Amino acid sequence: MKLFPVYPLFDIEPVKAQGATLWDKKGDTYLDLYGGHAVISIGHNHPHYVERIKEQLDKIVFYSNSVQNPLQEELAQKLGELSGLEEYALFLCNSGAEANENALKIASFQTQKKKILCFDKAFHGRTSAAVAVTDNPKIQAPLNQGHEIVRIQLNNFQALEYAFATQGDELAGVIIEGIQGVGGIHLPSAEFLVALRNLCNQYNVILILDEVQSGYGRSGNFFGFQRANIHPDLITMAKGMGNGFPVGGVLIHPKIEAWSGMLGTTFGGNHLACVAATAVLEVIESENLMDNALKIGAQWKDAFKAISPIKEVRGEGLMLGLEFDFPIKALREKLLFEHHIFTGYSGTDVIRLLPPLNLTKEEAARFAETLHKLTANH
Ligand code: PLP
């Protein structure tokens, strides 16, 4: 049987990994500044994480959500402590799109409405509801979604106020990324998030913060939106949550009450997923990885000032977008094939950096120096 070829693939096969380093089957090493789309938060094969998972493998790996699983409470407790959002409740699922799917459903359950406000350049996943709120006409047009979509420009206060003034009464929810990832690292301003929170309160609309990419410490805050000091109604997360183990979740504000049958899942919150997600939190805490994300992010921002073809550096902590004044495809290929450095991209001109949060200053410096050399003649 053949695989269904929907992803472009590099001809590199990693067989071993440690921290931010990958080894391929030829024995070559690579610096991983992308972490499989922001998934590797505490570094590949972190010893504490590996030990916790191995311990669990010896006990019980999976049983469905019809019996007690105290590992879910342990995870919720730790997540509350590190995020500072102890009052929220946790629903566990398996991926980012599934977390958003659940959040969109909750918004409609709460309001009995189906219109969702979302933003240009947004990305929220690949289920049909998540695709509907994603900004990509090619993949969303043919699908018949249960939600009606209103899309406006990010950080455009006039468009925001107009959308609420004209359609606020029909809106179930608003979905917004704490920091836009796939769309090219764009930040909703703190003022924009505050305005959004106020309008959602005024019109009784559910505010959903998609922290699937920007959450779990990556921005230097636990969640990207926390720079604005607001409290969303729903917060979705996945990616860095399991450091590679598939796990996602929704944090639900206490004003939203659970009812039996409201949400459900077979695999969500299984024993291994809970242990993986808790181990990630333990490492983020014990190794001060949010501080490291801020420190290395600042070191990079400083170093990038000397690289003149970079038009703009956007982002926070270790979620950065470097916008160049030329298309970056050839540059990324050079970085990967000649200098063995993995990076991400967005569109044609933006390099996206999403490395492990324990990236060292030497690894960060190696990338900045290589980039400097490679762009010297541009
Ligand atoms: N939301 C955001 C902001 C994302 O960046 C992504 C994936 O890139 C998703 C949702 C979807 O997550 P998943 O691929 O785990 O379904």
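What you see is a predicted model; the values in this text were computed from it and never measured.

Rules behind the numbers
- Residues numbered from 1 in each chain as written.
- Predicted model: local features only at pLDDT ≥ 70, side-chain atom pairs only at ≥ 80, totals over all residues.
- Heavy atoms only, no water.
- Helix = DSSP H or I, 4+ residues; strand = E, 2+ residues; numbered from the N terminus.
- Buried < 20%, exposed > 50% of the residue type's maximum accessible area, 1.4 Å probe, protein only.
- Areas by Shrake-Rupley, 256 points an atom, 1.4 Å probe, with all protein chains shown as cover.
- Domains from an automatic or database assignment.
- Contact = heavy atoms within 4.5 Å.
- Salt bridge = Lys/Arg side-chain N within 4 Å of Asp/Glu carboxyl O.
- Polar contact = N/O pair within 3.5 Å; in protein donor to acceptor, adjacent residues only side chain to side chain.
- Nonpolar A, V, L, I, M, F, W, Y, C, P; charged D, E, K, R; others polar.

Novice: Please clarify how the overall build of the protein should be interpreted in this entry.
Specialist: Of the regular secondary structure elements, the protein holds twelve helices and 15 strands. By principal-axis analysis of the C-alpha atoms, the protein measures approximately 55 × 55 × 45 Å. Burial statistics for the protein: of 378 residues in total, 53% are counted as buried. Entry remark: accessible area of the protein is about 17400 Å², with carbon and sulfur atoms responsible for 52%.

Novice: Help me understand the domain arrangement of the protein, please; the structure alone is not making it clear to me.
Specialist: How big an interface is tends to be stated in terms of accessible area lost as the parts join. Split into domains, the protein comes out as domain 1 (14–46 + 289–374) and domain 2 (48–286). The C-alpha centroid of domain 2 is placed 26 Å from the C-alpha centroid of domain 1. At the junction of the two partners, domain 1 supplies 27 residues and domain 2 supplies 30 residues. Put simply, domain 1 and domain 2 have zero salt bridges between them. The interface formed by domain 1 and domain 2 includes 16 residue pairs in polar contact (both at pLDDT 80 or more). Broken down by secondary-structure element, the contributors of at least two residues to the side of domain 1 that touches domain 2 are α1 (35–38), α10 (289–304), β11 (310–316), β12 (319–324) and β15 (350–353). Residue composition of the side of domain 1 that touches domain 2, by class: 15 nonpolar, nine polar and three charged.

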